[in-house]
Every structure is written in C-alpha cells, then in structure tokens.
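One letter stands for each residue in the lines below.
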Amino acid sequence: MSDHSQVERFQDPGLPEHVHRNADVDPIAAKRAERQVAILFLLSAVGTVLTIVSYVFVKSDKYIYLPVMGSTNVQQLLLGIGLTAATLFIGLGAIQWAKKLMPDQEVIAERHEFRSEDVDRDDLVATFKERGEATGLGRRSLIKRTLGLALGLVGLSPLILLRDTGPLPGKYFDTTDWAAGTRLLLDPAGTPIKASDLEVGAVAQVLPELPAGTERTLENTGKDAVLLIRLHPEDFNLDAQRLSWTYQGIIAFSKICTHMGCAVALYEQQTHHLLCPCHQSTFDVTRAAKVIFGPAARPLPQLAITVNSDGYLVAQQPFTLPIGPSFWERNSSNG
Amino acid sequence: MKTSQKVAGATANYVDERTGAAKWLKKNLTKVFPDHWSFMLGEICLYSFVILLMTGTFLTFWFDPSQREVIYHGSYLPLSGVHMSAAYDSTLHLSFDVRGGLLMRQIHHWAALIFMSAIVAHLFRVFFTGAFRKPREFNWLIGIGLLTFGIVEGFLGYSLPDDLLSGTGIRIAEAILQAIPVVGSYLAFFAFGGPFPGTAFIPRIFIVHVLLLPGLFLALITIHLMLVWYQKHTQYPGPGRTEKNVVGYPLMPVYMAKAGGFFFIVFGITAFLGAVASINPIWLYGPYTPGQISAGSQPDWYMGWLDGLVRMAPPLETHAFGHTISWNILIPGLFIPGIIFTGMALYPFIESWITGDKREHHLLDRPRNAPNRTALGVMSITFMLISLANGGNDIIATHFHLTINAIMWFTRIGLFTVPPIAFVITKRVCLSLQRADRDLVLHGKETGRLVMLPTGEMVEVHEPLSDAKKWTLTQHQQPDALPAPLPASATVGLKGKFRARLNRANATQIPAATLTDLKELGDGHH
C-alpha cells in the first residue's frame, strides 16, 4: 500500500449543471404538461362519479362472470374501480405536476451538529445536581425508601386485577366427556352407530353422547372429538391391551393433534396414516397412532371401545391420558 | 388584494397570534428532502397504515366482536341456518349485505399485506445501505418494534372473523402459550377466559387490534418520523453530496406534491387490489369449530417463516418427574424468533462494536462497499426464505409433485448449510463489484469500438468516466483508511481478540481507485 499522505484521491466535482426540462423553456410544452395534469385530475373526478353512481343505481345482487376472476359482484367491482380511479389519478396528476412544472433545481441545505454546546451540557448537569439536592432525597433516606416501596407496590394492583380474566385450569386437561358406557354419536348427524354401519376403510368423526339436557359447546368438541377408523383386524400391529380397546377392526383415536391441537382430519386410506394439516405430523393407525413423521412428540390417545347390549358402539372407559397438546403438568411417561 | 388573499391573511394572523406557527412553518416548509426511489419504501408503510386506519374504522361500524352463538340468515345462502359466532356472522354481513363492505374488507386485508411487505423492503434498504448507523440507532429500534408489532397486529386482525382457517391459527397460538413451562396452562386459561376456544378471546383481541396496537403504532410512527425530520434524511453518495449537507428538493411545493401524490397512488393501487383480487374469502371456510380443519392451512405470509420452523422441528419433548416440556414448540415458536428479533434489534450496536466506528454517518453505503454486512444480510434473508418455504411445504408438495418428507429434510438441512454458502457467495460478489468499480475508474467504460493502432494492434476504445461518476465510485471511506479503528486496549483478552478478528475480517476490501493510481497508469492506456 502506498503511503497515504502522498496518495491523491478523486475530488468531489460538485453538483452537476442543471438541465432544463422542456416545460421550463418551451411554453407549448408547459401548456401540454398542464393539460396532462388537468386530464389526470378530471379522470379522478370521473372515478368518484362512477363510485357514487354504482352505489346508488347498481343492484347489489347482480353478478357477472369474468375471466380469471370468476363470478364477480358487479356493484363491488364498480365501487372498487371507481375508488381506484378516484384516488390513483389524483396521485398521478400531482406527481406529473411536480415532475414537469414545479421547480426541479436541486437545493442544498446544511446539516447541523446534534451535540449540544459544552456550556449547555455543563449547565444541565449543574441544574440537575442543584435541583436534585433540593429534593432532599440524598439526605432523607426514609423518604427514598418509602417512596421506592410505594412505587414498587402500586404496579402490583393492576396485575392482581387481571386475575379474573380466567379460572384456574385445575384438572380440566385431564378429563373429557368420555366415560365407561358413553355411546358414540356420529358428527354431525348426532345418531348412535353400530359396527355394521362402518365399512372397512371408512373413517367417521364421533362425539360422546352427553347427559340429557346438556348442551354441546365448542369446548366440549375441542376435547371430545374422536376419529373412528375401520381396518381389517389383521392389519393391526398392537399389543394385547391396545387390541382389546378395538372392536372388530374398528379403532378410535382422539382427533385433537398432540402437537398443537389442530384437528387431525386427513386420512390416507391405503397407508393407514392420519395426517395433521397444520404441521404434517403423521400417525400410524395400525400402531396405535404412533408418530412416524413430523413434529408431534406423542401418539394420539386411543379411546377403548366396545359395543353395548343394543349393539351400539360405546366407550369402555375414559381416555387414560390427557388429549391434545402438551402442558407442564402433563405426566407423559405413558404417552 | 383579492378576497381570498384577505381571508387567508386573516386566518394566518389568527393562528399565528395564538401559536407562533409562522416561525416554524417558515423553517420547515423549506426543508430539503433527498430524492431516491428507495426512500419511497418507508412512505409505502406510512400510507398503508393510514389506509388501514380508514378502512378499519369503516369495518368497526358493522363488525360485532362477540363469540355468542347466532344463526345465519343473510344473503349468502350456502350458510343459511348454520350456527356461528356473531363475529363470523357480522363479517358475512359486511361481505354480502353492506354495500362496499366486501371492498373495504379486501382493501383492508391487502393494505395489511402491503404494509408488512413494505416494512420488510424498507428494512432491507436501511440495512444494506447502513442507514441504521449513528445517529439513527433509535429509529432502527423503533423500526424493529414496528415490524414485530405489525406481525402481531396482522395475525390478530385476520383472526377476528372467527373463521375455520384463522381459528386454527388461534388454536396453535394457544398451544404455544400452553407449552410454556410452569405457567403455561394458567396463561392459556387467563388469555381465553377458560378452556379453548371459550368466548372471551375474540372480544379481547378486538380491543388489542383496534385500540392498543394502533395507539402504539401511532406513537412509534410519530417518533420515527420526528427523528427522520429532525436528523434529516440520509442520502446516497454522489457529486455535491457530503456528510455535512442534504441535497434534494424542498418540502413546499415539490416534496408535498410528490409525497402527497404517492399517498394517493398507494391508495389507488390498494383499492384496485381490493376491487379485483379476492382475499380471505371467509365464507368458503365456514365458522370455527375445533373439530374441523381444511387441508393446506397456512398463516398469512409474514408468519410463514414461523410456521416453517415449527413444521421442521424434531419431535423433542422431555417427560420427567410427572411433567412435560415441549422443546418441539418452545424452540421454533419462542427461542428462535426471540434470538432473531433480538439479533436484529442489536445489530447497529454489534456492527459498531466490530468496526470501532463511532462517527456519524449521513451518506449511505453502496452495499458492495460493506461486503461483510451485505453478506450477513443475504445470509439472514436466505435463512428466512428457507423457513418460509417450509411453511408452505404441503402446497409445494402438491404443486410440484414432491413429498413433504423430502421438502422437510431439504429445509432442515438447508437451514444450516445454505445460509453460510450464501454469505460466502455474496461477499465474493461484493468484492468482485468493488474490483469492477476500480477497473471502471482506472480504465474507463468499454465502448465496443475497435481501433487499429499504427503497429497493427487492435484495441477497444475505453471512454473515461465523467468526474461525477469517478467521485461516486471512489468517495467511500474504507476501513483500512481509518487511523486506528480499534484502540489497542480494546483488543486484549478473549473478547478483545474475538473483536479484533471480526474487525480484520470486516476490513476486507478492494482499495478504491485514486487519482494517483490513474496518473501512474499514464495516458494512452486502454
């Protein structure tokens, strides 16, 4: 590297010569530019008129088929085009006006130093010191300490007032509406289901029969939703206990994904996989909904089912584990 | 004097006698603003925000943020008789039974998408030109805040209609809350007023979406603009432009016309999109119920990277002592975003720590002249793009006949291997461009004209650059030209040595061409 002190750098040549625009020198060009701006502003006015006319006179239930867009509401489209023209052309007119007719000579302004003068800074420090001492906080430690206590505590009340934003979870996550003998009802039909109603390869969504008079809420559905899937019994790869939870090839799992709670609604019939559309967690139905792909860390809880004396499918017992996504208090040692 | 002039004069006098406005108006109407298309990106953010406020206010006149159950009896017949929340019902009402309602809904949603895109584009411009350096660090922090709150605001906004698609997103958000160790289930119950979905969440996020966050935006945007106003805008280097001046056009009339006009252009384009491009057709999704979902569920694009990280997370959980910790949710959902946004916020301070540069900067960097920074930026963008791609892995799989498995593994591995490659390639490209600049200054521009010399040799005529161009390509301050970038005391110890290492790596540059170099080459050189 050559010695810096002897290296000559290129110099700033300063602002370039100003080049005049057509409209600056030629009055005909200026008039033309003025006309262009005027036309643009007029187009905006036309747009506004179109908007108002569409609002008042066009029927709101008329639809028209347009390529790419498909069936389109005529009034909505005209309101939108009108509003587009009304606003866009004001902008285009203003820009054209500035570019062609307003002065385009570059202007230079000086930047100012931000840093305050030393005398101002020293004055500030002195003022602060003096008036700080005048508060007496330095000497009066009793005031300082009790002020600290008061200010520290006052922020607690608003926080405490938020306590009633919701109840405590308690044992909510541990239970669903499934109990021994609860009948499975088809969703949305609401009818009980017999084993013969399900073909091999079919999948159905079921909800528990609630006690008479109990209304079904979305909170219930969010915990109780169960998928019923029928396979050939020989397709299962389960231990004896889990096999005893199935009935003639019908197996039931919680539909609520153990990852983040989405409904595991996609069933691949050929591979016997349940796929959650949110993050693609995949569960193997033949192996008690074991996770074979994706971010879910636990299998879908299996609901033990059998039939009752009338032949309807019922639950043998409640879920043995909390359904749905994980939480701190969940004992997940068994899945 | 004309009547209009008399009235104007009287009004001006009335106001000035009460506020002293004439003094600061005089100063500010002549304020100079530099002109470059890339400075309009921040304007797009501002104008989109105004459009959001206006269209949003319209929507609040009809929207009912309640989750109480109603039965639909409006004009959209496929949903006749269906049970749904009042929020969903009122959104359907807006879409089908309020004239201009669907238009306003669509303009509002498009404006939100443009708002977030413009923030990201503006962020890129500010980053790659080094506009965040002293004295503009505060504005950078405010900008990162606006980006973060913008993502939240958008998410809450499209969740208000309580449709099946956005409700699924809320379910995922609840699962993130629930996964927080120790306090998760309590936070979830407090946020939702009980078990999910409950009836408290939509009304609560409504207030956050229309009052709390807009108020915060107004405050942050005001401070952001006041700082730009007071500190004066940065400018690109060029002839006549120095660290001590601003070259451009005055507020009145030029900038007022251009900026004001641009607002109307942004409004017009957004209105056009709202008019012809369907967005968020909630009537197709149906009302939210936790027992249903549609395939191909995605969040809006600005949350796609987050979804991508969650999808590629390994299924890690700790099951111990009767408790569960979901690393598969906490790492991609909280830790990694936390690191990304904290890193972004701290970047100006990290860079000045590395370079030891404590000077003020008002001239922007050409990205090639800051190769490390540019490479780091491209590396980060690559990371986000790979995450974003994985957020749509199901859609990509169906459209391009690939397997989700393949895409997930590609992005899992690519997330860590591709960004460093992007860094190296970008840095090399920057250095190449610096070399090209140097050659251009020293040898001139190729003209394509061939000339035969008396000796029989064929040479291409090179046209020397204008003085203005020579200046623009060589005016930048290079790290090794600084007297002592890092004081010796700053380079001791492990931290100091690390800092010195980074400082030296950052100083990799092709030396800018100088007048001395040009003279040494002599005349007649082609």
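Remember, it's a predicted structure, so these values are computed and weren't measured experimentally. (Residues numbered from 1 in each chain as written. Chains lettered and ligands numbered in written order. Predicted model: local features only at pLDDT ≥ 70, side-chain atom pairs only at ≥ 80, totals over all residues.)

### Quick word on the overall build of chain B
Reasoning step 1: Secondary structure summary: chain B contains 19 helices and 8 strands in total.
Reasoning step 2: Viewed in the frame of its principal axes, chain B has a C-alpha envelope of about 95 × 80 × 55 Å.
Reasoning step 3: A total of 526 residues make up chain B; the buried ones form 41% of that total.
Reasoning step 4: Here the contacts in chain B between residues at least 6 apart in sequence split such that 72% fall between residues at least 24 apart. (Helix = DSSP H or I, 4+ residues; strand = E, 2+ residues; numbered from the N terminus. Buried ≥ 20, exposed ≤ 12 C-beta atoms within 10 Å, placed from the backbone. Contact = placed C-beta atoms within 7 Å.)

### Remarks on the domain arrangement of chain B
All names here are of chain B.
Reasoning step 1: Domain assignment breaks chain B into domain 1 (31-231 + 250-357) and domain 2 (366-526).
Reasoning step 2: Distance between the C-alpha centres of domain 1 and domain 2: 34 Å.
Reasoning step 3: At the junction of the two partners, domain 1 supplies 18 residues and domain 2 supplies 26 residues.
Reasoning step 4: At the level of elements, α5 (101-128), α12 (304-312) and α13 (327-355) are the ones that each hand at least two residues to the side of domain 1 that touches domain 2. (Domains from an automatic or database assignment.)

### Points about the pairing of strand β1 (residues 63-66) of chain A
Taken residue by residue, a regular strand's side chains alternate between the two faces of the sheet.
Residue and element names in this part refer to chain A.
Reasoning step 1: As judged from the 4 bridges shared by β1 and strand β2 (residues 70-73), these two strands associate in the antiparallel manner. When the sheet's bridge partners are listed, Ile64 is paired in β2 with Thr72.
Reasoning step 2: In sequence, β1 turns back onto β2 through a hairpin of 3 residues, with Val68 there showing a positive phi of about 70°. (Pairing = 2+ DSSP bridges.)

### Some remarks on the domain arrangement of chain A
Reasoning step 1: According to the domain assignment, chain A consists of domain 1 (22-100) and domain 2 (176-315).
Reasoning step 2: Placing the centre of domain 1 of chain A and that of domain 2 of chain A at their C-alpha centroids yields a distance of 58 Å.

### Thoughts on the sheet that holds strand β1 (residues 32-33) of chain B
Reasoning step 1: Here 3 strands make up an open sheet; going across it, the order is β3(A)-β4(B)-β1(B) and the pairing antiparallel. Edge positions in the sheet fall to β3 (107-110) of chain A together with β1 of chain B, since each of these pairs with one other strand and no more.
Reasoning step 2: In this sheet, strand β4 (residues 245-250) of chain B lies alongside β1(B) in antiparallel orientation, the contact comprising 2 bridges. Residue B:Val32 lies in a different strand from β4(B), and its bridge partner there is B:Pro250.
Reasoning step 3: Docked against the sheet, helix α10 (residues 251-276) of chain B engages β1 and β4 of chain B, running at close to 75° with respect to β4(B). (Axes fitted to C-alpha atoms, helices over the stretch in contact; angles between N-to-C directions.)

### Re the interface of chain B and chain A
Reasoning step 1: Across the boundary between the two partners, chain B contributes 89 residues, which contact 78 residues of chain A.
Reasoning step 2: In terms of residue count, α10(B) provides more of the side of chain B that touches chain A than any other element does, 18 residues in total.
Reasoning step 3: Grouping the constituent residues of the side of chain B that touches chain A by class yields 46 nonpolar, 32 polar and 11 charged.
Reasoning step 4: Two strands pair when backbone bridges link them, and β3(A) and β4(B) are joined in this way by 4 bridges, in the antiparallel orientation. (Nonpolar A, V, L, I, M, F, W, Y, C, P; charged D, E, K, R; others polar.)

### Observations concerning the packing of helix α3 (residues 40-60) of chain B against helix α9 (residues 201-231) of chain B
All names here are of chain B.
Reasoning step 1: Direction vectors running N to C along α3 and α9 enclose 155°, while the axes themselves pass 12 Å from each other. With respect to each other, α3 and α9 are oriented roughly antiparallel. As for how α3 packs across α9, the hand of that crossing is left-handed. Between α3, through Leu46, Phe49, Leu53, Gly56 and Thr60, and α9, the contact on the second element is made entirely by Val210, Pro214, Phe217 and Ile221. (Parallel < 35°, antiparallel > 145°, perpendicular 65-115°, else oblique. Left-handed = near helix turned anticlockwise from the far one by under 90°.)

### Here's the deal with the environment of A:Leu40
Residues and elements named next belong to chain A.
Reasoning step 1: Within the secondary structure layout, Leu40 lies in helix α2 (residues 27-57).
Reasoning step 2: Taking the C-beta count within 10 Å as the criterion, Leu40 has 20 such neighbours and is therefore assigned buried.
Reasoning step 3: C-alpha separation for the pair Leu40 and Ile90, spaced 50 residues apart in sequence, amounts to 6.8 Å.
Reasoning step 4: Here Leu40 is in contact with Phe89, Leu92, Gly93 and Gln96, once residues within four sequence places are set aside.

### Regarding the pairing of strand β6 (residues 323-326) of chain B
Residues and elements named next belong to chain B.
Reasoning step 1: Bridge count for strand β5 (residues 317-320) against β6 is 4 bridges, and the pairing is antiparallel. What sits directly across from Glu317, in β6, is Ser326.
Reasoning step 2: Hairpin remark: β5 followed by β6, antiparallel, with 2 residues in the connecting loop; positive phi at Phe321, about 50°.

### Let's talk about the sheet that holds strand β9 (residues 273-275) of chain A
Residues and elements named next belong to chain A.
Reasoning step 1: Strand order in the open sheet formed by 4 strands is β8-β9-β10-β11, with antiparallel pairing between adjacent strands. The open sheet terminates on both sides in strands that have one partner only, identified here as β8 (266-268) and β11 (290-293). Averaged over all neighbouring strand pairs, the angle between strand axes comes to 35°, with direction disregarded.

### Looking at the packing of α13(B) against helix α18 (residues 493-506) of chain B
All names here are of chain B.
Reasoning step 1: Packing of α13 against α18 brings their axes to within 8 Å, and their N-to-C directions diverge by 90°. Classed by the angle they form, the pair α13 and α18 counts as roughly perpendicular. In contact with Trp353, Ile354 and Thr355 of α13, α18 contributes Arg499, Leu502, Asn503 and Asn506.
Reasoning step 2: Broken down by class, the residue content of the contact of α13 with α18 amounts to 3 nonpolar, 3 polar and 1 charged.

### Considering the environment of A:Ser54
Residues and elements named next belong to chain A.
Reasoning step 1: For Ser54, the location among the structural elements is in helix α2.
Reasoning step 2: Between the C-alpha atom of Ser54 and that of Thr246, which follows or precedes it by 192 residues, the distance is 63 Å.
Reasoning step 3: The contact partners of Ser54, leaving out residues within four places of it in the chain, are Gln75, Leu78, Leu79 and Gly82.

### A short note on the nonpolar core
Reasoning step 1: If you look at the biggest cluster of nonpolar residues, it comprises 154 residues, and the most contacted ones within it are A:Cys262, A:Val264, A:Leu303, A:Ile305 and B:Phe115.
Reasoning step 2: For this core, the leading source of residues is α5(B), giving 15 residues. (Core = buried A, V, L, I, M, F, W, Y, C linked by C-beta atoms within 7 Å.)

### Thoughts on the confidence of the model for chain B
A low pLDDT score tells you not to read the predicted coordinates there in detail.
Reasoning step 1: When pLDDT is averaged along chain B, the result is 94, and 98% of the positions lie at 70 or above.
Reasoning step 2: As a predicted assembly, this complex carries a pTM of 0.95 together with an ipTM value of 0.94. (pLDDT = per-residue confidence, 0-100.)

### Notes on unusual backbone geometry
Reasoning step 1: Residues A:Asp187 and A:Pro188 are joined by a peptide bond in cis, for which omega reads 10°.
Reasoning step 2: Mapping A:Pro188 onto the fold places it in the loop between β4 (184-186) and β5 (203-208).
Reasoning step 3: Between B:Lys134 and the following residue, B:Pro135, the backbone shows a cis peptide bond with an omega angle of 5°.
Reasoning step 4: Even without being a glycine, A:Gln248 presents a positive backbone phi close to 50°.
Reasoning step 5: Structurally, A:Gln248 can be placed in the loop between α8 (240-243) and β7 (250-254).
Reasoning step 6: Overall, A:Gln248 belongs to the partly exposed group, with 14 C-beta atoms counted inside 10 Å.

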